[in-house]
Amino acid sequence: MDMDYLFFLQGIREATNGAFDEFFNMISKIAVDIMPILPLMIFWAVDKSWGYRFLGTIWGGEVVNGAVKLSVCAYRPWIRDSRIVPAGDSKVAATGYSFPSGHTMCATAMYGMTAVWQRKKRKWLAIGCGVMILLTGFSRNFLGVHTPQDVLVGFCETSVIILAAGFIQKKVTADSSLADKLSVCGIVLSIGVLVYIQLKSYPMDYVDGELLVDPQKMMNDTFTGAGGFIGLMISSYIERHYIKYAIPKGSEKLPVMTCVGTAVVFIWRQYLTKITFQVWFGEHWGNFISAFLLIGLAVTVYPLIIMKSVGNASNKTAVSAT
């Protein structure tokens, strides 16, 4: 049934000569390339508590999704049935097993958290986020890269994580020492996932002497997720106990500093990792170290830079006023 559905959508793509391919490619890319930067923007400039909640959801989702993917080891639709022809360069660009959908996980984490955050103040935004989740999930089917069950489980697992993040935040607010204990648990669990995925067995199917799917390549995303999540656990401890970042709301420099930080994060994620960390440490540990440093610096060092910059600006204003 799932293949029949993908064949139906493939027929639409062929009948329209790929007229909608770029649109749905764009929807997919926004979910994984743009939206994961949103938590840091919120953390730096809007609401630190919600920023942490967003960060915990997306990076926790990366670890959970990776662990499930590498446990199930479901092949992509075009490997299961050679008649499936995905749009674009999906055969080359696919970075993991099929089940569950990582793009749907990212979309549900970011749009879903935004909907939860804004559901009372801006209902129109919450509704729009719901539409974007549906569009992203459908895009994975339309492009022929995921089955309906891949998308459904990606949505369900992340919905559970969103609920868990809300529950944990309430508990941490009532008991600040609990955050430190949970940070240690998060680090241990992430390390456990990395050990597990490297020790477990994987399907090693060959066609004409070529390995259908290289499990080593399939691990890259999980190393990235574990690096980011461990980086978040350690940096959040440092920030809570030593930096104690307070958003300088009302500062004229804050929007500029947020935009600069966002640009740096985007360049780091899209370009810097490939030409530095992956070259120096290999894809697995290069991804891990890159994500670890990115989140660590974004949660500790950059808030210090913002506070120092805003403090200097305030001092200059005060001096000029006198």
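Cut-off values and rules
- Residues numbered from 1 in each chain as written.
- Predicted model: local features only at pLDDT ≥ 70, side-chain atom pairs only at ≥ 80, totals over all residues.
- Heavy atoms only, no water.
- pLDDT = per-residue confidence, 0-100.
- Contact = heavy atoms within 4.5 Å.
- Disulfide = S-S within 2.5 Å.
- 1 Å grid on protein atoms, 1.4 Å probe; cavity = no way out; pocket = protein on both sides within 12 Å on 5 of 7 lines; lining within 4 Å.
- Points joined across faces, edges and corners; volume = space filled by probe spheres on them.
- Helix = DSSP H or I, 4+ residues; strand = E, 2+ residues; numbered from the N terminus.
- Phe/Tyr/Trp six-rings, centres within 6.5 Å; stacked < 30°, edge-to-face > 60°.
- Buried < 20%, exposed > 50% of the residue type's maximum accessible area, 1.4 Å probe, protein only.

### Brief notes about the confidence of the model for the chain
When pLDDT is low, close inspection of the predicted coordinates is not appropriate. Of all residues in the chain, 96% attain a pLDDT of 70 or more, and the chain-wide mean is 91. Contacts for the low-pLDDT stretch residues 315-322, under 50 throughout, to residues beyond four places or in other chains number zero contacts.

### Here's the deal with the state of the cysteines
Scanning the entire structure with this criterion turns up zero disulfides. No disulfide involves Cys 73; its sulfur sits 20 Å from that of Cys 106, the nearest cysteine. In this structure Cys 156 is a free cysteine whose sulfur lies 16 Å from that of Cys 106, the closest cysteine sulfur available.

### Quick notes on empty space enclosed by the protein
In total, this model carries one cavity of 30 Å³ or more according to the counting rule given. Considered as a void within the structure, the largest cavity measures approximately 50 Å³ in volume. Around the largest cavity, the lining residues are Pro 36, Leu 40, Leu 55, Trp 59, Val 265, Arg 269, Leu 294 and Ile 295. The set of elements that each furnish at least two residues to the lining of the largest cavity consists of helix H4 (48-72), helix H13 (254-275) and helix H14 (277-321).

### Remarks on the packing of aromatic side chains
The geometry of an aromatic ring pair is captured by the separation of the ring centres together with the interplanar angle, meaning the angle of the planes. A complete count under the given rule lists 18 aromatic pairs for this structure. Note on Phe 223 and Trp 285: the rings are 5.1 Å apart at their centroids and 80° apart in plane angle, and the pair reads as edge-to-face. Residue Phe 223 is found in helix H12 (residues 220-243), and its partner Trp 285 is found in helix H14; the two are separated by 62 residues along the sequence. Judged by its relative accessible area of 39%, Trp 285 is partly exposed. Put simply, the rings of Phe 23, Phe 24, Phe 138 and Phe 142 pair up and form one aromatic cluster.

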